[in-house]
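Survey of secondary and tertiary structure
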Amino acid sequence: MGLFDFFKKKETAPEAQEALDRGLEKTKEGFLSKITKAVAGKSTVDDDVLDNLEEVLVTSDVGVSTTLKIIDRVQQRVSKDKYLSTSELNHLLRDEIQLLLAENNSNDFRKFEYGDHKPYVIMVVGVNGVGKTTTIGKLASKLKNENLKVVLGAADTFRAAAVEQIKLWGERVGVRVVAQAMGSDPASVAFDTLQSAVANKEDVVIIDTAGRLHNKIGLMNELGKIKNVMDKVVPGAPHEILLVLDGSTGQNAFEQCKQFTEATDVNALAITKLDGTAKGGVVIGISDQFKIPVKYIGVGEGVNDLQLFDKKAFVDSLFK
Ligand SMILES: Nc1nc2c(ncn2[C@@H]2O[C@H](COP(=O)(O)OP(=O)(O)O)[C@@H](O)[C@H]2O)c(=O)[nH]1
Ligand SMILES: [Mg+2]
């Protein structure tokens, strides 16, 4: 079984769907009430309705280019069926969004073959405050529950609180944390972590980093240095560069995604804080525009509030 397959099994479970529904409540409320307004007083889907719908999607943080793609698809369906009723619109919209996402990121994490890499090394990047350390703690807990040996590297050495926070998560979920003093070289922490993971035959290494987005060159250099060190200890590492984005920041998350993907080889995304925000549409836009699989979504601060992103379940939940 691949490393991440177990998530997949759990994702289809009713508890996971319920947690997702709860987490997306605010987005859903906003989205559905806007759609209701968009079709008010109309029986068929005409140009006015499409214009209103476009506005609904843009104001739900789906992003302009993804919105235009969706509207275009809906329009094609409407031109085939001129008497399409507004009551059918919800289903149509849901189907088209699901199809769009399915076309885009077809190469999912489900294809990860964990057996190819031991240790499997994940480097976590993203600006300060987006939820990197929290996501690492949650992920470590999930992996540990599957009997994988996990070790965390406290390579966000920029702030003392950051080192303490990841140590706390380590204690809380019962995984080893490699740390040095605040202000030490992040690459040196990464080196120590990987070396000890190899010595201890651990399965998964997760490296936290500082989210300093000083400028693109600075970021590239900082992350490049950590990556190079990892590759020396475990050739090919990091296998995963996970960019964490705060979904509640809407369009800012798009901008951060752009900057980080330009600075380093991000190959997985986590979008956090979808609970308590009405901006959950950002997941659709980011998933569509960046062609990088959204692997995880955060729907709360608790240790169990991390889910694997399941496109179908996500969109289903929005339209429930
Ligand atoms: N509501 C909610 N809060 C979250 C989520 N993920 C992280 N947080 C909170 O966001 C804050 C910053 O998280 P942290 O992991 O320290 O961010 P970092 O600076 O990127 O490491 C903390 O208060 C977390 O509890 C989430 O999915 N939902
Ligand atoms: Mg942190």
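Residues numbered from 1 in each chain as written. Chains lettered and ligands numbered in written order. Predicted model: local features only at pLDDT ≥ 70, side-chain atom pairs only at ≥ 80, totals over all residues. Heavy atoms only, no water.

1. A few points about the packing of helix 9 (residues 186-199) against helix 10 (residues 216-233)
- Where helix 9 meets helix 10, the closest approach of the two axes is 9 Å, and the angle between their N-to-C directions is 25°. Classified by the angle between their axes, helix 9 and helix 10 sit roughly parallel to one another. Read as a crossing pair, helix 9 and helix 10 show a hand that is right-handed. Facing helix 9, whose interface residues are Pro186, Ala187, Ala190, Phe191, Leu194, Gln195 and Val198, helix 10 presents Lys225, Ile226, Val229, Met230 and Val233.
- A per-class count over the contact of helix 9 with helix 10 returns 10 nonpolar, one polar and one charged. (Axes fitted to C-alpha atoms, helices over the stretch in contact; angles between N-to-C directions. Helix = DSSP H or I, 4+ residues; strand = E, 2+ residues; numbered from the N terminus. Parallel < 35°, antiparallel > 145°, perpendicular 65-115°, else oblique. Left-handed = near helix turned anticlockwise from the far one by under 90°. Contact = heavy atoms within 4.5 Å. Nonpolar A, V, L, I, M, F, W, Y, C, P; charged D, E, K, R; others polar.)

2. What to know about the domain arrangement of the protein chain
- Annotation of the protein chain at the domain level lists domain 1 (13-103) and domain 2 (120-310).
- One C-alpha centre belongs to domain 1, the other to domain 2; they are set 32 Å apart.
- Listed per partner, the contact involves 17 residues of domain 1 and 21 residues of domain 2.
- Where domain 1 abuts domain 2, roughly 1,500 Å² becomes buried across the two surfaces, and 54% of that area is made up of carbon and sulfur atoms.
- It is Thr27, Asp61 and Leu101 that lose the most area in domain 1 upon contact with domain 2, and together they represent 34% of the buried surface on that side. (Domains from an automatic or database assignment. Buried area = accessible area lost by both parts, 1.4 Å probe.)

3. Re the sheet that holds strand 5 (residues 240-246)
- Taking strand neighbours across the sheet as the criterion, the eight strands line up as 3-2-4-1-5-6-7-8 in an open arrangement whose pairing is mixed. The open sheet has two free edges, formed respectively by strand 3 (176-178) and strand 8 (306-308), since each of these has just one partner strand. Strand-to-strand, the axes of this sheet are offset by a mean angle of 25°, without reference to chain direction.
- Sheet topology places strand 2 (residues 150-155) next to strand 3; three bridges connect them, and they run parallel. Paired with leucine 152 across the two strands is valine 177, which belongs to strand 3. (Pairing = 2+ DSSP bridges.)

4. Focus: the site of ligand 1
- As a matter of local geometry, ligand 1 sits amid 16 residues, with Gly129, Lys132, Thr134, Asp275 and Glu301 nearest to it.
- In the model, an oxygen atom of ligand 1 is placed 2.6 Å from a nitrogen or oxygen of the glutamate 301 side chain.
- Take the shell around ligand 1: its biggest share by element is four residues, from helix 7 (residues 132-145).
- Here the residues of the shell around ligand 1 are counted per class, giving three nonpolar, eight polar and five charged. (Near = heavy atom within 4 Å. Polar contact = N/O pair within 3.5 Å; in protein donor to acceptor, adjacent residues only side chain to side chain.)

5. Considerations on a nonpolar patch on the surface
- Taken together, the side chains of Val58, Val64 and Leu68 make up a nonpolar region of the molecular surface, amounting to roughly 240 Å² of accessible area.
- Here leucine 68 lies in helix 5 (residues 64-80). (Patch = residues over 30% accessible without salt bridge, like charges linked within 9 Å, V, L, I, M, F, W, Y side chains within 5 Å. Areas by Shrake-Rupley, 256 points an atom, 1.4 Å probe, with all protein chains shown as cover. Salt bridge = Lys/Arg side-chain N within 4 Å of Asp/Glu carboxyl O.)

6. Some points on the pattern of salt bridges
- Counting across every chain of the model gives 20 salt bridges.
- A salt bridge links glutamate 202 to arginine 176, with the shortest nitrogen-to-oxygen separation between them at 2.9 Å. Taken together, the residues glutamate 202 in the loop between helix 9 and strand 4 (204-209) and arginine 176 in strand 3 connect sequence positions 26 residues apart.
- The partner of glutamate 240 in a salt bridge is lysine 295, and the shortest N-O contact between them spans 2.4 Å. Placement of glutamate 240 in strand 5 and of lysine 295 in strand 7 (residues 294-298) is noted, with a sequence separation of 55 residues between them.
- Using a relative accessible area of 0% as the deciding quantity, one classes glutamate 240 as buried. (Buried < 20%, exposed > 50% of the residue type's maximum accessible area, 1.4 Å probe, protein only.)

7. Quick look at the packing of helix 10 against helix 11 (residues 251-263)
- Relative to each other, helix 10 and helix 11 sit at 55°, their axes nearing to 9 Å. Considering the angle they form, helix 10 stands oblique to helix 11. For helix 10 against helix 11, the interelement crossing comes out right-handed. For the pair helix 10 and helix 11, contact is made by Lys216, Leu219, Met220 and Leu223 and by Phe260, Glu262 and Ala263, respectively.

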